[in-house]
Amino acid sequence: MRVGQLWHWIYHRGVRDFGAMRNVARPLLDQLGERYTLARPEIVAEQVSADGTRKWLLRLPPAHPGDKGAEIETVYIPETDRGTLCVSSQVGCTLNCTFCHTGTQAWARNLTAAEIVGQVLVARDRLGDFPGGTAPTDGGLVPSGEGVRAVSNIVFMGMGEPLYNFDNVREAIAVLTDGDGLSLSKRRVTVSTSGVVPEMARLGAECGTMLAVSLHATNDALRNKLVPLNKKYPIRELLQACRNYPGASNARRITFEYVMLKGVNDSPAEAKALVRLLAGLPAKINLIPFNPWPGSPYECSDWEAIERFSDIVFAAGYASPVRTPRGRDILAACGQLKSQTERLRARARMMLEETLAVGLD
Ligand code: SAH
Ligand code: SF4
């Protein structure tokens, strides 16, 4: 009963100090206050994009003696009827994907389950998503309406490889999806992996969340270069793990992420190879325009190349191929895409309708 009360105050009411838990006895609250904290990660900076996307830089206190504390990023992507929070699972990443900024940064440490959940709590505080909260009035979009939650979906697509921090990610997901916790449906939580094959079956069995796989190439020679982990777990093994992923079905498809790199992986032949590779798998394909960073060795594909690629993928029956670039102004701009935003939006709408038509959320 006590645990139920505490969870209610923490996750449903969003209280930030034990003293606010009115139906819990004072001596217990004092004890809890001596040993634990409900403090959130500190917001060091907040940026709001013209399209309503919000990015926070969060500072984490030291997690253990000797740890200096760390900074991580969390991104909020609102739509009118939903809001997706992109959370980090590690400070830095031990894998060195050549197109990824996180991969170039120094590895620091795994996040604790509390630090992963803490990102969601900070977002809900800031967006007025707890009872009695108020939404910010700074121009950022916050979805609202009967039964609409500001943070309705979570994607593990921030810094780090979630399957290399499996235990803490699993514990965080347990809190996110527990009815007494943050009460999110498992279908609204997606874990993205660069392809840690031995942990994928556990993810399905022990967490039951949706799976996203960072594929990015259709042959091992290129994938070895883009995602060096491919040398350990090549495409054939990765796709076999996807075929075996518990719970995958046409209603619960696996998302394959494919970052569009100019002249590297964006030819029509590769689009066709991608379609052939995924034949028979319950898949969605997410084409991600490359987001350049200072010194990055790649460029984003031209819009024409992305469109050509997406047409081939679309003709093969895949919904939702292009991830609408959001927050480009705050996540470093991919210049040529800016003028295309409207066109992309129209396309995204079309894809969304297609998605709904086949009964997915
Ligand atoms: N480590 C996990 C999850 C975090 S990365 C993974 O690799 O899947 C989340 C997604 O962002 C991955 O698909 C990754 O390949 C992609 N990504 C990384 N850097 C990017 C960039 N500069 N532009 C576009 N997508 C990028
Ligand atoms: Fe970046 Fe993900 Fe590769 Fe790590 S595994 S370097 S976070 S793309």
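All residue numbers here refer to positions counted from 1 along the written sequence of the relevant chain. Chains and ligands are labelled by the order in which they are written, letters from A for the one and numbers from 1 for the other. Local features are withheld for residues below a pLDDT of 70 in this predicted model, meaning they are given only at 70 or higher, and side-chain atom pairs are given and counted only at 80 or more; totals for whole chains, interfaces and linings count all residues. Water and hydrogen atoms play no part in the side-chain values, which are based on all heavy atoms of the structure.

**Concerning the confidence of the model for the protein chain**
Applied cut-off: pLDDT expresses how confident the predictor is about each individual residue, on a scale running from 0 to 100. Every residue pair with non-hydrogen atoms within 4.5 Å of one another is taken to be in contact.
Of the residues in the protein chain, 89% reach a pLDDT of 70 or more, and the chain-wide mean stands at 88. Long-range and interchain partners of residues 332-361, a stretch whose pLDDT sits below 50, account for 47 contacts in this model, where long-range means more than four residues apart.

**A short note on helix H6 (residues 197-207)**
Stated formally: Remark: exposure states derive from per-residue accessible area (1.4 Å probe, protein chains only) relative to the maximum for the residue type, with buried under 20%, exposed over 50%, and partly exposed in between. A run of H or I in DSSP becomes a helix once it reaches four residues, and a run of E becomes a strand once it reaches two; helices and strands are each numbered from the N terminus. Starting at the helix axis, one direction is taken to each C-beta atom, and the arc is that of these directions.
When H6 is considered as a whole, its buried residues turn out to be Val-197, Glu-199, Met-200, Leu-203, Gly-204 and Cys-207. Along H6, the residues classed as buried sweep out an arc of 145 degrees about the axis, all on the same side. Of the surrounding secondary structure, the elements contacted by the buried residues of H6 are helix H5 (166-177), strand E8 (189-193), strand E9 (210-214) and helix H8 (235-243). The first or second residue beyond H6 is Gly-208, which carries a positive phi of 65 degrees.

**Brief notes about the pattern of salt bridges**
For clarity, the threshold we go by: By salt bridge we mean one thing: a side-chain nitrogen of Lys or Arg within 4 Å of a carboxyl oxygen of Asp or Glu.
For the structure shown, the criterion picks out 20 salt bridges. One salt bridge in this structure joins Arg-59 and Glu-42, with 3.9 Å as the shortest N-O distance. Linking Arg-59 in strand E2 (residues 54-60) with Glu-42 in strand E1 (residues 42-48), this pair joins segments that are 17 residues apart in sequence. Accessibility expressed as a relative area gives 44% for Glu-42, which makes it partly exposed.

**Focus on the site of ligand 2**
Put simply, the rule reads: Working definition: residue near molecule or strand if any one of its non-hydrogen atoms lies within 4 Å of it. Three classes are used, and their members are as follows: Ala, Val, Leu, Ile, Met, Phe, Trp, Tyr, Cys and Pro are nonpolar, Asp, Glu, Lys and Arg are charged, and the others, Gly among them, are polar.
Every residue close to ligand 2 is listed here: Cys-93, Leu-95, Cys-97, Cys-100, Gly-103, Gly-160 and Ser-194. Residue composition of the shell around ligand 2, grouped by class: 4 nonpolar, 3 polar and no charged.

**A few points about unusual backbone geometry**
One non-glycine residue, Ser-183, adopts positive backbone phi at about 60 degrees. What makes Ser-183 partly exposed here is its relative accessible area of 33%. Within the chain, His-216 stands out as a residue other than glycine whose phi angle is a positive 65 degrees.

**Looking at the packing of aromatic side chains**
Filter applied, for reference: Any two rings among Phe, Tyr and Trp, with Trp reduced to its six-membered ring, count as a pair given centres within 6.5 Å; such a pair is stacked if its planes are under 30 degrees apart, edge-to-face if over 60, and tilted if neither.
Tallied over the full model, the rule gives 3 aromatic pairs. Here the aromatic rings of Phe-290 and Tyr-298 are separated by 6.3 Å at their centres, their planes lie at 85 degrees, and the arrangement is edge-to-face. The class for Phe-290 is buried, based on a relative accessible area of 1%.

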